[in-house]
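# Summary of structural features
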Amino acid sequence: MMAEREMSVDIALGKWRRGEISELDVYRATGVRSVAQLADAHIEMIEADRLAKEDMMMSQDEHEAAEILSQAYDSYGDILREDPERLPDIIKAITENRRRLNSQAAARFNSHRNGRSGCENVVAFPGC
């Protein structure tokens, strides 16, 4: 999108507002070529900060729920556009599949730790 920057947009704009650098220096320091790109970069940075703060405030369960919702739309977006009422069923299926895979991975890990191959109790890992 933009060339590698010597200075972030926020820092450059702060220096420009304080009169420490010129408008041209803002463009040079940030690698931005227009006012529109500068505004877009500034908005993008604000949004990234907001998302990072929001992410830090989320619990582990909220993170998992957001990840499952994202997976549902990534994997089944076409179906959900045609029939949005299927979302709860898709989320339930993804959640159950994750639990099953986690359980199988834990069983395999524990069996390896106990000196077995791990294939005795695991169905989802053919080729053990």
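Here's what I pulled together on the structure shown here. (Residues numbered from 1 in each chain as written. Predicted model: local features only at pLDDT ≥ 70, side-chain atom pairs only at ≥ 80, totals over all residues. Heavy atoms only, no water.)

### A look at the overall build of the protein chain
- The secondary structure content of the protein chain amounts to five helices and zero strands.
- Secondary structure elements of the protein chain occur, N-terminal to C-terminal, as α-α-α-α-α.
- Scored against the burial criterion, the 128 residues of the protein chain give a buried share of 20%.
- When the accessible surface of the protein chain is totalled, it reaches about 9,700 Å², and 52% of it is carbon and sulfur. (Helix = DSSP H or I, 4+ residues; strand = E, 2+ residues; numbered from the N terminus. Buried < 20%, exposed > 50% of the residue type's maximum accessible area, 1.4 Å probe, protein only. Areas by Shrake-Rupley, 256 points an atom, 1.4 Å probe, with all protein chains shown as cover.)

### Focus on the nonpolar core
- Of all hydrophobic cores here, the largest spans nine residues; its members are V9, A12, L13, I21, V26, Y27, V32, L38 and A41.
- It is helix α1 (residues 9-17) that contributes the most residues to this core, three residues altogether.
- Formed by six residues, the second largest nonpolar core is a distinct cluster that contains A72, L80, L87 and I90. (Core = buried A, V, L, I, M, F, W, Y, C linked by side-chain atoms within 4.5 Å.)

### Overview of the packing of α1 against helix α2 (residues 23-30)
- Where α1 contacts α2, the two axes come as close as 9 Å, and the packing angle between them is 165 degrees. With respect to each other, α1 and α2 are oriented roughly antiparallel. For the pair α1 and α2, the sense of crossing is right-handed. Touching V9, A12, L13 and W16 of α1 are E23, V26 and T30, all from α2. (Axes fitted to C-alpha atoms, helices over the stretch in contact; angles between N-to-C directions. Parallel < 35°, antiparallel > 145°, perpendicular 65-115°, else oblique. Left-handed = near helix turned anticlockwise from the far one by under 90°. Contact = heavy atoms within 4.5 Å.)

### Focus on the packing of α1 against helix α3 (residues 35-57)
- Packing of α1 against α3 brings their axes to within 9 Å, and their N-to-C directions diverge by 115 degrees. Of the residues in α3, those in contact with V9, D10 and L13 of α1 are L38, A41, H42 and M45.
- Taken together, the residues that form the contact of α1 with α3 break down as five nonpolar, one polar and one charged. (Nonpolar A, V, L, I, M, F, W, Y, C, P; charged D, E, K, R; others polar.)

### Quick word on the pattern of salt bridges
- Inspection of every chain in the model, using the stated rule, returns six salt bridges.
- Linking E20 and R18 is a salt bridge whose minimum nitrogen-to-oxygen distance equals 2.8 Å.
- On the accessibility criterion, E20 (48% relative accessible area) is partly exposed.
- For R18, a relative accessible area of 55% gives the class exposed.
- Here E47 makes a salt bridge to R50, at a shortest N to O gap of 2.5 Å. Taken as a pair, E47 and R50 lie in helix α3 at a separation of three residues, close to a single helical turn.
- Salt bridges linked by common partners bring E47, R50 and E54 together as one network. (Salt bridge = Lys/Arg side-chain N within 4 Å of Asp/Glu carboxyl O.)

### Regarding the environment of L80
- You can see L80 is positioned in helix α4 (residues 60-82).
- Ignoring sequence-local partners within four residues, the contact set of L80 consists of A72, Y73, R86, L87 and I90.

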